[in-house]
Amino acid sequence: MSWIRVLLSRCSAVFRKRQLDADLDEELRAHIELAMEEHRANGMTEQQARIAALRAVGGVTQVRESYRVQRGLPWLEEIARDIRFAFRKLLHSPGFALTAILTLAVGIGANVVVFSVLNGILLRPLNVPQPDNLVQIAGEGNRGASQSYPDYRDYQDRNRSFSGILAYKIIHVSMDIDKSLSQSWGNAASGNYFDVLGLQPALGRFFHASDEHGLASAPYIVLSYDFWQSHFAASPHLIGKVAFLNQQPLTVIGVAPKNFHGTDFFFWPDYWIPAVNAQQVTGWDDFDWRSHREFTLLGRLKPGVTQQQASQDIGAIARQMAREYPEDQGLTLTTRKPGPSGNSDDPIRKALLGMTVLALLVLLAACANLASIFAARAADRSSELAIRLAIGSSRLAVARQLLTEAILVSLVGGIVGTFFARLVLGVLSHWRPGDFPSKFLIAPDVRVYIVAIVLSIGSGIVFALLPARQVWKTDVVQAIKSNYVAAGSFRRFAMRDALLLVQVAVCTLLVTSSLVAVRGMIQRLRAPLGISTKGVTLAQVDLKMAGVPDPQARIVQKRLLDTAGAIPGVTAAATSDYAPFLGVWGWTTYSWDTTQFVPANAAFDSITYSVSPGYFQVAGTHLESGRDITPEDKPGSPTVALVNETFARRMFGTTHVLGKRFKLFDPVRLEIIGVVEDGKYMDPGENPQPAIFMAYAQGIGQYMVSGPVTVLVRSQLPPDQIAGALRRSLSQVVTTAPFSILTWSDAIDRSMMPVRTATLVLGVMGLIAAILAVTGIFGMASYSVSKRMKEQGIRMALGAQRMQVMRSTLSRPVLILIIGACAGLIGGLLAARLLAHLISFPSTSDPLLLACVALVMMMLGLIGTWIPARRALAIDPARLLREC
Amino acid sequence: MPESKSDVLQGTLDLMVLKTLESMGPMHGYGIARRIEQVSENSVSLNQGTIYPALLRLEQRAWVKAAWGTSETGRRARFYSLTRSGRKQITQQTENWERVAATMARFLAPFN
C-alpha cells in the first residue's frame, strides 16, 4: 500500500509547491553553508570553501529539478504547462482559433442535437419500474400494432409468459370538472394498467382489475400529475370530485406519479379511465368487438422468461386464435421493445437514423477541414517547432503540445456546439403540433454530454494526428535551414490530396442529398390537394363530447348548418364529420358479394367522410361524374355514396362506376351515385388513397359516426371576422362542448409541420456542408499553394510563363475536385434515394439539379484554389526566392 | 521488467541513508552525505545533492520523517530521523542485500 501513500504525498505536494520550493532552497542553502563551515575549519578561504561546497553538491539546479520530479506529479504539471502554452498560442491567432472553434461547434452541435433526439426517443426507456422486462405485444412486421379488447382478454388468459398484460388506447373527450370545460386527451386502460407497470399514485388511489365487473362498472378517473398541477393547482381536494367526460360522470380517485407520462413516447395523456367505461364515454363499443383493433398492449415478462420465449408463446396463441375466430384470420403476434425503438419499420426511427448518418458526415467534413487547417498551421510554425526540437525538446513533447492545442480547440468547440444545441433542443422540447399533447423529452442528459465530450476529444485527436505526424517526420537541420520546404514533399502532398478528396466528396454528398431531399419535399408541398382552401373556414365540434345522443345528432347538425349559412357574408356552407387535414376516419371496404366480413376478404381500407349536400361545392372538389348528395338522401331511402377515382379504379378497375355497389360491414350497403377527383386527405405527400363520401343524414349502419361535426363555410370576409362570427353563433347551438375554429389553409399548414421541419433540417445540413466545403477547400488550396511558392518562384525565375505556372499550380487540385465531386455526387444520389425511402417523399434524380450541384461545387473549389494561386503569381519572383 | 542500473543504485543509496540514520540518530542532509562518504572511504563518489531526492523518496514512503532543527554550530537545518517502518525496512533490505551478495560471492569464487 505504500504506493498510495506516495501518490497522496505527491498530490498534496502539487498544491504546496511554493512552500516546498522555499523549503528545498533553504535546505540546500543550509547544506552549502555547513559544507563551507567545514572547509573553512580545514583552512580554506571563503572563496575556495564556496567553490568546493558547490562542486560537492553537483549542480544546485539539477538537484532542484530531480527533487521536483520526485516530489509532485510531473506529467500533470507538464500537461498544465502545455495547456497554458496552447491558450497563449491560440490567443495570439484569434482568427485561426475562431475558425477552428466555430467549424467544430457546427459539427458537434449538429451531432448533439441529433443524438439528443435519438436518445430521447429511441434510447430512453419508459419511465416505470423495471422497464427492461416490459414488452409490446404486436403483429409481426409493421402490421397490426393495435389489438382488439376481446383478443386482449384471450391473450391474458392463455399466455404462460407474462405476469400481466395491460391494454390502453388514446381517447379525446371534453372534460368538465368544477365547471371548467376543456378538451383533453387521455388513455382508456385495462384495470390492471397501473399494477402491471408497478406504479404508486402520488395522491389518492389507482383503479385495479378488481374494480371491473363488466361494462360501465368502474366510473373512475386518474389524472396525470402535470394536468393536475396545470389545471387544478395541485389541489388535494380534487379527489372524490366528479369529472364529466363527454357529459358522463366519473369520480376522480387519484393522481399519477410526477414523472409518469403514460406509455407512449410522443403522447402524454392527461388522464386514465378504465377501458370498461370507455364505451359509456366515447359511445364506441369496441369493448366487445373482436374486429375493432384499437388497443396497444404491453406485457410484463415473468421472471426468468426471455423475450424470445414470450414471442414464441404469444405467436402460438395467435395461430390458435386465427383458427378459432373468423375475425382473427391471419393473426400473427410477436413481442418487441415498446415505442419506435422496437419497430424497425417505424418511420420516425428510420428518419432519425438517417439524420444521424448525415450529422456524422457533417462532423467528418468538419474534421477533414480542421485537419487541413491544423496541418497548414503546423507548417507555418515549422521553424518554431524545428527550433524547439533543436534545443532538445523531444518529438513526443512537441507532438503532445500540438495534440493539447487540438484537444483544447475541440473541447471549446464542443462546449460552444453543445450550448447552441441546447438552445435548439429547448425550442424542440416546446414544440407542440396542434392541440395533441405530444411532447419530446429530449432535454440533454448525462449520456448526451458524454457523447459530446467523446466526439469533441475524438475529433480533436483525429484532426491533430496529421500535424503530429508532420512533426515526427521533421528533419530539424533541413527545417531550420530552409524554412521547411518540400523535403520529401511528395508523400505529404499525397496525404493532403487525400484530405481534400475526402472533403470534396463528403461535402458534395451532403449538398446533393440535402438538395434532392429538399426538392422532393417542396414538390410534395406543391402537390394538388383536390380541394380549394381559399376563403374556407372550418369549425369543428364533437357532439359526443357535447353529450348529444345519437338520434339527435342529425337535428343538431342541421341547426349548425343553417346557423352558419345565415351568417352575413357566408356564401356557402356545408358539414362533414371530419374534413381533409382535420381529423380522419376510415372503414375497411368489402366488395358487393362478400358475406364473411373478415380481414382476409377485405378489399382495402378507405378514408370515409359523412357529408351534407353541397359539401363538394364548398370544398372545391370537382365532381367528375354523377350527382351530389341531396336532401332526398335521408334515412329510409337507399344508402348512397360518392367515391374518388382511386377508389373506383381499385375496386372496379374503371372510373365508370355509377350505380355499382359495395359494402363496409354487414348492414352497410352503398350505391355509388358520383365520382369525384382524387385528393390529399391527411398529408400532402401521401400516395393516392381511396376515399368514400357518404350522406351524413343516412348514418353508417347503427352509427351516426356522430362524434365530430365540421362546419365548412366559404366567405370573402377576412378569416378573423368570419371566425368570430362562427364562434358567436355556433356556440349558441352547442353549448356543452368547445369549438375549434381555423382556416383550412392553417389546418394544412399544421399537418405539414413535420415535412417542413425535415426540409428545414436537411436544408440547414446542406448549407453547413457547403460552408465547410468552401472554407476547407480554400484553406487546403492556399496551404498547398503557399508550400509550393518557392518552387514556382524558381520556375518563374527560370522563365516559365504565368500560364504554365498557373496550370501546374491548379492542375492537381482541379483533378482532385473533379474526382471528389463525382464520387460525392454518386454517394449523394444513393444517400438521397435512402433518404427518400426513410422520410417518404418522391425521389427525384433530376439531372439538371445534379449538374447544378456538381457545377457549384467545382466553382467553389476553383475559386478556392484560384485566389491563392493568383497570390502566388502576383508576387515578384525575386522577392519570392529571397524570402522563402 | 528487468531492473535498470539506476534502480540498483537507488536501492543502495536508500539503504545507506537508512543505515546511517540508524547508527547516528537524527541528522541533516549534509551530515548524512558526509557520513556516507566517510564510511565508504570515498569509494562511492556521489554528488551530495542526490541525497535530497533520495531523502524525499524515503519520506514519501514514511520510512523517515523530517523536522526543522538547529545544528551544533547553531544553523537552522532539516533533520531526518528513522520511523518505525523505516527500521523494519532496514532489516528487510539488509537480508535482501546479504542474499544477493552471498549469491554473487558464490558465482565469483571459482574464478578467483
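Residues numbered from 1 in each chain as written. Chains lettered and ligands numbered in written order. Predicted model: local features only at pLDDT ≥ 70, side-chain atom pairs only at ≥ 80, totals over all residues.

Trainee: Please set out the overall build of chain A residue by residue, giving values where relevant.
Mentor: For chain A, the count of helices and strands is 28 helices and 21 strands. Of all 884 residues assigned to chain A, the portion counted as buried reaches 42%. Partitioning the contacts of chain A with sequence separation of at least 6, the portion at a separation of at least 24 is 81%. (Helix = DSSP H or I, 4+ residues; strand = E, 2+ residues; numbered from the N terminus. Buried ≥ 20, exposed ≤ 12 C-beta atoms within 10 Å, placed from the backbone. Contact = placed C-beta atoms within 7 Å.)

Trainee: Before we move on, could you go through the overall build of chain B and cite the residues and values that matter?
Mentor: Helices and strands together make up the secondary structure of chain B, namely four helices and three strands. The order of α-helices and β-strands along chain B, N terminus first, is α-β-α-α-β-β-α. Counted over contacts in chain B with a minimum sequence separation of 6, partners at least 24 positions apart contribute 46%.

Trainee: So what's going on with the nonpolar core? Which residues, and what values?
Mentor: Residues and elements named next belong to chain A. Core analysis: the largest hydrophobic core is formed by 127 residues, its most contacted members being Val222, Ile273, Val711 and Leu712. With nine residues, strand β2 (residues 162-177) is the largest single contributor of residues to this core. The two domains that each donate at least three residues to this core are domain 3 (131-337) and domain 5 (548-735). Ile108, Ala376, Ala386 and Leu860 belong to the second-largest nonpolar core, a separate cluster that totals 87 residues. (Core = buried A, V, L, I, M, F, W, Y, C linked by C-beta atoms within 7 Å. Domains from an automatic or database assignment.)

Trainee: Quick rundown of the environment of Ala35 of chain A? Include the residues and the values.
Mentor: With respect to the helices and strands, Ala35 of chain A occurs in helix α2 (residues 17-41). C-alpha separation for the pair Ala35 of chain A and Val57 of chain A, spaced 22 residues apart in sequence, amounts to 9.4 Å.

Trainee: Can you explain the packing of helix α2 (residues 29-39) of chain B against helix α3 (residues 51-60) of chain B? Please cite residues and give values.
Mentor: All names here are of chain B. Following both chains from N to C, one finds α2 and α3 inclined at 110°, their axes separated by 10 Å at the closest point. Considered as vectors, α2 and α3 are oriented roughly perpendicular to each other. Here α2 runs over α3; the crossing is right-handed. On α3, the residues touching Gly29, Ile32 and Ala33 of α2 are Ile51, Tyr52 and Leu55. (Axes fitted to C-alpha atoms, helices over the stretch in contact; angles between N-to-C directions. Parallel < 35°, antiparallel > 145°, perpendicular 65-115°, else oblique. Left-handed = near helix turned anticlockwise from the far one by under 90°.)

Trainee: Please give an account of the sheet that holds strand β2 (residues 64-70) of chain B that cites residues and values.
Mentor: All names here are of chain B. The three strands are arranged β1-β3-β2 in an open sheet whose pairing can be described as antiparallel. The sheet terminates laterally at β1 (27-28) and β2, the two strands that pair on one side only. Of the pairings in the sheet, the one linking β1 to strand β3 (residues 76-82) comprises two bridges and is antiparallel in character. By the bridge assignment, His28 is partnered in β3 with Phe79. Of the strands in this sheet, β2 and β3 touch α3, which is tilted by about 120° from β2. (Pairing = 2+ DSSP bridges.)

Trainee: I'd like a description of the interface of chain A and chain B, backed by residues and values.
Mentor: Contacts between the two partners involve 22 residues from chain A and, on the opposite side, 19 residues from chain B. Taken together, the elements giving at least two residues each to the side of chain A that touches chain B come down to α1 (2-15), α2, α3 (46-57) and α4 (60-71) of chain A. Residue composition of the side of chain A that touches chain B, grouped by class: nine nonpolar, eight polar and five charged. (Nonpolar A, V, L, I, M, F, W, Y, C, P; charged D, E, K, R; others polar.)

Trainee: Any chance you could break down the environment of Met321 of chain A for me, citing the residues and the numbers?
Mentor: Residue and element names in this part refer to chain A. Checked against the element boundaries, Met321 lands in helix α11 (residues 307-324). By the C-beta count within 10 Å, which is 20 here, Met321 ends up buried. Here the alpha-carbon distance between Met321 and Asp151, two residues 170 residues apart in the chain, equals 8.4 Å. Setting aside residues no more than four positions away along its own chain, Met321 makes contact with Asp151, Asp154, Asp328 and Leu331.

Trainee: Lay out the confidence of the model for chain B with the relevant residues and their values.
Mentor: Residues and elements named next belong to chain B. On average, residues of chain B score 82 in pLDDT, and 84% of them reach the 70 mark or higher. Considering only residues more than four positions removed or in separate chains, one finds that residues 1-8, a stretch of pLDDT under 50, has one contact. Across the whole predicted complex the pTM is 0.64, and at the interface the ipTM reaches 0.85. (pLDDT = per-residue confidence, 0-100.)

Trainee: How would you explain the confidence of the model for chain A if you had to name every residue and give the values?
Mentor: Residue and element names in this part refer to chain A. Model confidence for chain A is summarised by a mean pLDDT of 81, while 89% of its residues fall at 70 or above. Within chain A, helix α16 (residues 476-482) has the poorest average pLDDT of any element, 61, and strand β16 (residues 640-644) the best, 94. This stretch, residues 483-492, has a pLDDT under 50; its non-local contacts, to residues over four places away or in other chains, come to 13 contacts.

Trainee: How would you sum up unusual backbone geometry? Please name residues and give values.
Mentor: All names here are of chain A. A positive phi angle, near 70°, is found at Gln247, a position not held by glycine. Counting through the fold element by element, Gln247 comes out in the loop between β6 (242-245) and β7 (248-255). Using a count of 17 C-beta atoms within 10 Å as the deciding quantity, one classes Gln247 as partly exposed. Notably, Phe581 is not glycine yet its phi reads approximately 70°, a positive angle.

Trainee: So what about the packing of α2 of chain A against α3 of chain A? Which residues, and what values?
Mentor: Residue and element names in this part refer to chain A. Orientation of α2 relative to α3, taken along the N-to-C sense of each, is 130°, at an axis distance of 8 Å. Between α2 and α3, the crossing angle belongs to the class labelled oblique. The way α2 lies across α3 gives a crossing that is right-handed. Along its contact with α2, which presents His31, Ile32, Ala35, Met36, His39 and Arg40, the element α3 presents Gln48, Ala49, Arg50, Ala52, Ala53, Leu54, Ala56 and Val57. When grouped by side-chain class, the residues that make up the contact of α2 with α3 number nine nonpolar, three polar and two charged.

Trainee: For the environment of Gly25 of chain B, give the residues involved together with the corresponding values.
Mentor: When you line up the elements, Gly25 of chain B lands in the loop between α1 (5-24) and β1. The sequence separation of Gly25 of chain B and Ser81 of chain B amounts to 56 residues, and the corresponding C-alpha distance is 6.4 Å.

Trainee: Before we move on, could you go through the pairing of β7 of chain A and cite the residues and values that matter?
Mentor: All names here are of chain A. Bridging between strand β4 (residues 203-204) and β7 involves two bridges; their strand directions are antiparallel. Counterpart to Leu203 in the pairing with β7 is Val255. Across four bridges, the pairing between strand β5 (residues 220-223) and β7 is parallel. Note that in β7 the partner of Tyr220 across the bridge is Thr251. Alignment of β6 against β7, held across four bridges, turns out to be antiparallel. Following the sheet pairing, Leu245 is matched in β7 by Gln248.

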